[in-house]
Structures are given as C-alpha cells and as structure tokens.
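Structural description and commentary
This is what each chain is made of:
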Amino acid sequence: MKTLEERESPFEYSVSDKPRTMTAPWLIQYDGQPMPIDIPAGAKALFDKKRKILHVHDNATGISITATPHVFVRLDYTQDYHDIQFTDTENPNQPLCGVYVNAGELHFEDNKLFNFLNTEMFRSASRLLSSPVFNPWCGYPDLNDDQYHYSGDFETGLLWLHPDQLKEFPDTPVDENRGTLLRFLFVTEEPIEGWDRIDKITLDIPPGPYEAWVVDADKQTGAPILIEVSGLNDDTFNICSTQIRFEVLDAAREAGTLFPEEPEFRPEFDPRGHTDLAMKAVEPPKRGILGRLFAG
C-alpha cells in the first residue's frame, strides 16, 4: 500500500480507541436493511444527519467510505480497488451506474441499464475526489498507463483512450454509445439458431415466447448487435443463456415469422446533477457572523 498523507478537512471527525459500527437511513443494503459500516479503533468517522453525510476513513488500512443520498464512494488502497457509484434516491438500495478502478485499470459501470457519456462520468468522479471528505488523502487513485483501454487524469478530469487501442481500432469513441434499446419480448413461429454461452454449443431455440436483452451494441451508433434470450413458457423456459445475433432476429421479423413487442429503452443518465448535490452536502460549514464579516 502506498503512503497516504491525510488532507485537512472542514469537518471534525470523531475518533474512538474501540471499534464501532455506524449506519445511516440513506445507506441501504440490497435487502432493504441499513448497511452497517465497521469503524476500526483509531479510525475517523463523521455522521451528519442534517447534511446527510456518513464518512469513515482509516489511515492504518487505507480504506475510506463516504455515503450521501446521491453517491457512494469507497477508496481501498489495501486492495487497490476504488469505486464511485451513483445512487437512486427513490430506491437507495439500487446503485445506478458509476466508475471503478481495479489495480489501476479504469472501468465504467452501467449495470446494463443506462447510457451516459464516459467523459462526464469521469469528470464527475474527478470532482468528487477533489473533496477532502470523499477523498481524505492527498493525491488520487493511480491509473495504470500500461492498461489497454481507457486512460485519464483524476486531477484534471480529462479522459482519453490508450494509443494502442486507437492504433488497432482507430474509430473507437471515448464516449461509447450503449444503445437505446434495452430489452423486448418476442414470439417466434420458427426455430432460430443461437449460441449457448455456458455450454458453448450451437442450438436452435424452439418456437414460442421469449424475453430478449441487448448485451452488445455498436459503440458508435448504439445499434444492437447481440441479444440474449430467456424462454417464457413451459416449452421454452430452459432456454436461459442463449445468444443470437440481432440481425438474425430482424431477418425473421422481416420474413413474418417473429413478432416483437413491449420494447424497453435504456434511459440516459447525467451524473452532473447527482454530483452537484453530493458536493453541496460536503461544502465547508459556514462560520459564525464574525467569521463571515472578517473573512479575507
């Protein structure tokens, strides 16, 4: 673990020589229960009910957790894994999308649900990490320039593609288009050839009703390329990991043997609104009237 230098914070943290546990109403597990955050002895903690901030950081382990209703940030220098997830304020146990860094490799997480601009997502992560509450240590998580795909600079918020990526795939966009079509139902009257990704075999899905999820799209246009199907009745329910080229389904639709219905589209997500509210929550506390009058 690299040496960590603690930044000066505008908030006062509590410290105990005994381990503690802390929860917050806006930090919820998948089962709907409050998520307990363990606070090791000697670690610093903050719970601000009015501003809705929960924060813990431990200099000994290099682990920091900060949660507001709009974002969850975890820095872990022990595992070299750092995660920024935006949260659904209506369903706080549901992360929306975000950014994570694993051993220096940068990834964007859309949870297969959202479309967003990678550049805006990275810029928002950079803004959050500029705060001494979300990032209690000097510097930023390291990004490995030897990695093949994305490179960036958290200090400036700039994101770019690795030169080797552009050399091999010169048309690769930084802001990939994840596509608008997310899922749909269809009924086929004829068998359709597919590929079982688990058993690694070619098979024909029988006639019947299916649910289809888009699992790959053209990164420039967003046009669907590959879909995965699941059967919806007793004759087809065993089909659950079969992938089919979208063009094959579209050809069957044009031939009049496949009937799509109930399309669901991927919503656009703009991280800037969540970021603005999260940064506002951790603004330095206002000083008293004399402090404001004589502030330089």
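Residues numbered from 1 in each chain as written. Predicted model: local features only at pLDDT ≥ 70, side-chain atom pairs only at ≥ 80, totals over all residues. Heavy atoms only, no water.

1. Here's the deal with the nonpolar core
To be explicit about the condition: Working definition of a nonpolar core: buried Ala, Val, Leu, Ile, Met, Phe, Trp, Tyr and Cys residues. They are joined through side-chain atoms within 4.5 Å. With a 1.4 Å probe rolled over the protein chains alone, any residue whose accessible area is under 20% of its type maximum counts as buried; one over 50% counts as exposed, and the rest are partly exposed. By the criteria applied, helices consist of DSSP H or I runs no shorter than four residues and strands consist of E runs no shorter than two, each listed in order from the N terminus. Note on contacts: a residue pair qualifies if any of its non-hydrogen atoms lie within 4.5 Å across the two residues.
Formed by 37 residues in total, the largest nonpolar core has its most connected members in Val-71, Leu-106, Phe-108, Met-121, Leu-128 and Phe-134. Residue assignment for this core shows that the elements contributing at least two residues are strand E7 (71-76), strand E8 (81-87), strand E9 (95-102), strand E10 (105-109), helix H1 (118-129), strand E12 (158-161) and helix H4 (271-281). Considering every element that reaches this core, the biggest residue donor is H1, with five residues. Those residues within four positions of Leu-106 in sequence are excluded, and the remaining contacts are Val-99, Tyr-100, Val-101, Phe-122, Leu-143, Tyr-150 and Leu-159. Judged by nonpolar contacts, the second largest core, of 17 residues, contains Tyr-210, Val-214, Leu-249 and Leu-258.

2. Thoughts on the pattern of salt bridges
Note the following rule: By definition here, a salt bridge exists when the distance from a side-chain nitrogen of Lys or Arg to a carboxyl oxygen of Asp or Glu is within 4 Å.
This model, assessed by the stated rule, comprises 15 salt bridges. Residue Glu-120 is joined to Arg-123 by a salt bridge in which the shortest nitrogen-to-oxygen separation is 3.0 Å. One end of the pair, Glu-120, and the other, Arg-123, are both in helix H1, three residues apart, so they sit about a helical turn from each other. By relative accessible area, which is 14% here, Glu-120 ends up buried. You can call Arg-123 partly exposed: its relative accessible area is 37%. The residue Asp-276 makes a salt bridge to Arg-127 at a minimum N-O spacing of 2.7 Å. A residue pair is termed long-range when its members are at least 10 positions apart, and Asp-276 in helix H4 and Arg-127 in helix H1 qualify at 149 residues. Shared partners join several salt bridges into a network, and the residues in it are Asp-110, Glu-176, Arg-178 and Arg-266.

3. As for H4
Along an α-helix, residues three or four apart share an orientation, since each turn contains 3.6 residues. Heads up, the condition is: Arc, as used here, means the arc of the directions from the helix axis to the C-beta atoms.
Those residues of H4 not exposed but buried are Pro-271, His-274, Thr-275, Ala-278, Met-279 and Ala-281. Across the axial projection of H4, the buried residues extend over an arc of 150°, all falling on one side. Those residues of H4 hidden inside the fold are in contact with strand E5 (53-58), E7, E8, E9 and H1.

4. Some remarks on the packing of aromatic side chains
The description of an aromatic ring pair rests on the distance of the ring centres and on the angle between the ring planes. Applicable threshold: Each Phe, Tyr or Trp ring, with Trp reduced to its six-membered ring, pairs with another whose centre is within 6.5 Å; inter-plane angles below 30 degrees give stacked pairs, above 60 give edge-to-face pairs, and intermediate values give tilted ones. Charges are assigned to positions over rings by a cutoff of 6 Å between ring centre and Lys NZ or Arg CZ, combined with an angular limit of 35 degrees from the ring normal.
Under the counting rule described, the total for this entry stands at 11 aromatic pairs. Their ring planes at 20° and their centres at 5.4 Å tell us that Phe-186 and Tyr-210 sit as a pair that is stacked. One end of the pair, Phe-186, is in strand E13 (residues 181-188); the other, Tyr-210, is in strand E16 (residues 208-217), and 24 residues separate them in sequence. For the pair Phe-186 and Tyr-210, one class covers both residues: buried. Taken together, Phe-184, Phe-186, Tyr-210 and Phe-246 form an aromatic cluster joined through their ring pairs. Looking at Arg-178, its charged tip hangs above the ring of Phe-116, at a distance of 3.9 Å from the centre.

5. Quick look at the sheet that holds E16
How we decide: Pairing between two strands requires that DSSP report at least two bridges joining them. Between the N-to-C directions of two axes lies an angle of 0 to 180 degrees, each axis being a line fitted to C-alpha atoms and, for a helix, fitted only over the stretch in contact.
With antiparallel pairing, seven strands are arranged side by side in an open sheet as E15-E14-E18-E17-E16-E13-E19. What marks the edges here is a single partner per strand, and that holds for strand E15 (201-205) and strand E19 (258-265). Shown here is a sheet whose adjacent strand axes are inclined to one another by a mean of 35°, direction ignored. Bridging between E13 and E16 involves six bridges; their strand directions are antiparallel. Residue pairing across strands places Phe-186 opposite Tyr-210, the latter belonging to E16.

6. A closer look at H1
What counts here: One fewer than the residue count of a helix, multiplied by 1.5 Å, yields its expected span.
For H1, spanning 12 residues, the distance from its first C-alpha to its last is 16 Å, which sits close to the expected 16 Å at 1.5 Å a residue. In terms of burial, H1 is largely enclosed, as 10 of its 12 residues are buried. All buried positions along H1 are accounted for by Asn-118, Thr-119, Glu-120, Met-121, Phe-122, Ser-124, Ala-125, Ser-126, Leu-128 and Leu-129.

7. Describing the pairing of E9
The buried fraction of E9 amounts to six of the eight residues, a majority that puts the element mostly inside the structure. Looking at chain direction, E8 and E9 are connected through six bridges and run antiparallel. Bridging across to E9, Thr-87 finds its partner in Pro-95. Bridge count between E9 and E10: five bridges; the pairing is antiparallel. Bridge pairing in E10 places Val-101 opposite Leu-106.

8. Looking at the packing of H1 against H4
Put simply, the rule reads: Angles are sorted into four bins: roughly parallel if under 35 degrees, roughly antiparallel if over 145, roughly perpendicular if 65 to 115, and oblique for all others.
For the pair H1 and H4, interaxial distance at closest approach is 9 Å and the crossing angle is 5°. The angle between the axes of H1 and H4 places the two elements in the roughly parallel class. Within the contact between the two elements, H1 uses Glu-120, Met-121, Ser-124, Arg-127 and Leu-128 and H4 uses Pro-271, Arg-272, Thr-275, Asp-276, Ala-278 and Met-279.

Any functional reading would require information that these geometric values do not contain.
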